[in-house]
Amino acid sequence: MKAQNPDGGWGYRSDLESDNDTTPCALLALRDREDDASTDAAEKGIAYLLGCQLEGGLWTTWQSAEDLPVEDCVAHVVAALATFRGPAHRSIRRARRWLAQRYEAHGRWTAGWYRNLPYAVLEVSKGLGEAHPVMYGAVQSLRALQNADGGFPLGPGEDSTPSATGSPSPRSQSATTCTSRSCAGPSTT
C-alpha cells in the first residue's frame, strides 16, 4: 500500500504514474484483507479506476490520450471492479459486452503486454467470468492450439514455448472449470 499514488492508483513501479493495469492487480491483492488501511486503499483504487473510465465504458492502460483499450487491461479492470462491486455492476457492463464482442468478431482475444493466446484467454476469463457463454468457445479454441508435445504456442501453427505453456492453458484453473456444466457451451433447447 506504500506504493499507492496520491491519485489512488498504482504504477508499474513506485516512481511511475498510476495505470489501469497495475491498479486492478493491486486491488485484487487487497481483496481478502479486512483491515481499515486496506479497505481505504481499495476504495481509493476503485475511485481511481472509475475516474479513468472512458465515455464508452472502457479503460486504456495508460493515462495518455493516444492509448487505446486493450483486452487484457480492460479485463483486469473489470475483474477488480467485479470483485469489489459485483459482476453486474453498471460500471463494467459495457466493458464485459465489449470483451465478448471482441471474441465473437475475431475468434480470439489479444493481450496488450504479451503475444500469447493462452495468456489472453485466461486474463479475459477473469473479467468475463468462467461461466460466460463465450468462454466455452474460447477454451475449445485454445485446446485446438495445443501441440503434439503437450505444450502451447504463442500463436497458431507455431512451436510450443515455455511462456505459452507455462501461462494459462486449458489445464489452468479457469479453463478447467469452464469444461464443467457451468460452461457447457451453447444451449440446444
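What this report covers is the structure whose coordinates are included nearby. (Residues numbered from 1 in each chain as written. Predicted model: local features only at pLDDT ≥ 70, side-chain atom pairs only at ≥ 80, totals over all residues. Heavy atoms only, no water.)

Our next topic: the overall build of the protein chain. When helices and strands are tallied, the protein chain shows 8 helices and 0 strands. For the protein chain, the share of sequence-separated contacts (at least 6 apart) that also reach a separation of at least 24 residues comes to 58%. Total accessible area computed for the protein chain in this model is approximately 10200 Å², and 51% of it derives from carbon and sulfur atoms. (Helix = DSSP H or I, 4+ residues; strand = E, 2+ residues; numbered from the N terminus. Contact = heavy atoms within 4.5 Å. Areas by Shrake-Rupley, 256 points an atom, 1.4 Å probe, with all protein chains shown as cover.)

For the rest of this paragraph, the subject is the nonpolar core. Within the largest apolar cluster, 43 residues are counted, with the highest numbers of intra-cluster contacts made by Trp59 and Trp109. Among the secondary structure elements, those contributing two or more residues to this core are helix H1 (22-30), helix H2 (36-52), helix H3 (71-85), helix H4 (90-106), helix H5 (117-128) and helix H6 (133-145). (Core = buried A, V, L, I, M, F, W, Y, C linked by side-chain atoms within 4.5 Å. Buried < 20%, exposed > 50% of the residue type's maximum accessible area, 1.4 Å probe, protein only.)

Time to look at the environment of Asp67. Following the sequence through the fold, Asp67 ends up in the loop between H2 and H3. Excluding its chain neighbours within four sequence positions, the residues that come into contact with Asp67 are Thr60, Thr61 and Trp62. Polar side-chain contacts of Asp67 include one of 2.9 Å to the backbone nitrogen of Thr61. Of the polar contacts made by the side chain of Asp67, one reaches the backbone nitrogen of Trp62; its length is 2.6 Å. (Polar contact = N/O pair within 3.5 Å; in protein donor to acceptor, adjacent residues only side chain to side chain.)

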